[in-house]
Structure formats: C-alpha cells, structure tokens
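Listed below are the residues making up each chain.
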Amino acid sequence: MKPRNLTRIVITGFMGAGKSSVARELARLLHDSFVDLDDEVTRAEGRTPRELIDEEGEPYFREAETRALRAALEEGTARVIALGGGAVSCAATRELLARRNCLTIWLDAPFESCWQRIAEDDARPFARDRETARRLYEERRKFYSLADYRVEIGAGRSIESVTSEIREVVRSRND
C-alpha cells in the first residue's frame, strides 16, 4: 500500500474570494482536517485580526499570523489551511510556506465578487472602503500569482467545482 502523502494544501487569495469555504469543503473531500488561519490567530492571541490590527497595528498582526501558521504547520493537525487575504504579502510567511513545501492554491476571484462579500462584513480591517480594497486587491495580486496553482473563481462557479479542480491538482502532484 502506498504511504499517505500529507502535502499541505494552502489556499490563498483576496478577502472574499472564498478561501475558508473552499478549504473546508476540500478537507471534507479529502477526509482530512482544515484550519482557518484567522481563527488560529484569534485563538492564540485572544483577539480577532481586526482587534489586533486596530490595537497593535499591521506589523504585529502579520507576526502573529506567521506564528499561527508556523504552529499549524508544526503541529501537523490540518492538511488544508486557509490563509488570510494578506498573509502572502509577508515575506516571512512566503518563506515558511516554501520551506515546508506546501502546495499553494490561489483563488483568483474578480474584485467585484470579492467586494460584494466584503461590503456585507464589517470585520474586514483592510477594506473599510471600496477604494482601499481595490488598491489592496491590485497590490496583492503579485503575491498571489506566486502560488503553485491558480483557480479562476467566476460568476456562478460552485464550491464543488472549485474543490474538484483542486483535488485533481493534489492527485496529480501525489502520483
């Protein structure tokens, strides 16, 4: 019997792209567990990402995010990890993902789709207005494009279709 390959699958993309939903469904399909990095930051720090950013600033939050990712990778409890929207903009996070040989998947969603979700959620500290969100979207694309695989998220594309595509990428990588 072939040994089980536990390559970590890390989902990245802009806020509102569907990272947490896709990661949760992918983990279900793979019969494995998943971690939402924002939840891990909240658990470790005792404050939400928004609270950390408002109270301590973005540099502190990015350090906390990297610590939470390192812990998730070292503990090995989850195979699928949903990053926060800006996590890959941090060099330390990118280096950690590369050192751990994670398979990174970019959910490339159009800004308008992301903005619709962002506008419904006031807990997003980096997108308090459309102009700021648009600027961040454009700035972060260069980091998202470094991912191992890009999945286009278009209008009407189901989570099932996205996760099936990712599952095939994982299978081909493990063959």
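You'll find the structure just up there.
Residues numbered from 1 in each chain as written. Predicted model: local features only at pLDDT ≥ 70, side-chain atom pairs only at ≥ 80, totals over all residues. Heavy atoms only, no water.

### Side note on the packing of helix α2 (residues 37-45) against helix α4 (residues 58-75)
Look at α2 against α4: their axes get within 9 Å of each other, and the N-to-C directions meet at 100°. Taken together, the axes of α2 and α4 are roughly perpendicular relative to one another. Between α2 and α4, the contacting residues are Leu37, Asp38, Glu40, Val41 and Glu45 on the first element and Tyr60, Phe61, Ala64, Glu65, Arg67, Ala68 and Leu69 on the second. In terms of residue class, the contact of α2 with α4 is built from 7 nonpolar, no polar and 5 charged. (Axes fitted to C-alpha atoms, helices over the stretch in contact; angles between N-to-C directions. Helix = DSSP H or I, 4+ residues; strand = E, 2+ residues; numbered from the N terminus. Parallel < 35°, antiparallel > 145°, perpendicular 65-115°, else oblique. Contact = heavy atoms within 4.5 Å. Nonpolar A, V, L, I, M, F, W, Y, C, P; charged D, E, K, R; others polar.)

### Quick notes on the sheet that holds strand β1 (residues 9-12)
Within the open sheet, the 5 strands sit side by side as β2-β3-β1-β4-β5. Their pairing is parallel. For this open sheet the edge positions go to β2 (34-36) and β5 (149-152), each flanked by a neighbour on one side alone. The mean inter-strand angle of the sheet, taken between neighbouring strand axes irrespective of direction, is 20°. Strand direction decides the pairing type here: β1 and strand β3 (residues 80-82), joined by 3 bridges, are parallel. If you follow Ile11 over to β3, its bridge partner there is Ala82. The strands touched by helix α8 (residues 159-174) are β1, β4 (103-108) and β5; relative to β4, the strand with the most contacts, the crossing angle is about 155°. (Pairing = 2+ DSSP bridges.)

### What to know about unusual backbone geometry
A positive phi angle is found at His31, which is not glycine, with a value near 55°. Structurally, His31 is set in the loop between α1 (19-29) and β2. Backbone geometry at Asn101 places phi at a positive 55°, although glycine is not the residue there. Positionally, Asn101 belongs in the loop between α5 (91-99) and β4.

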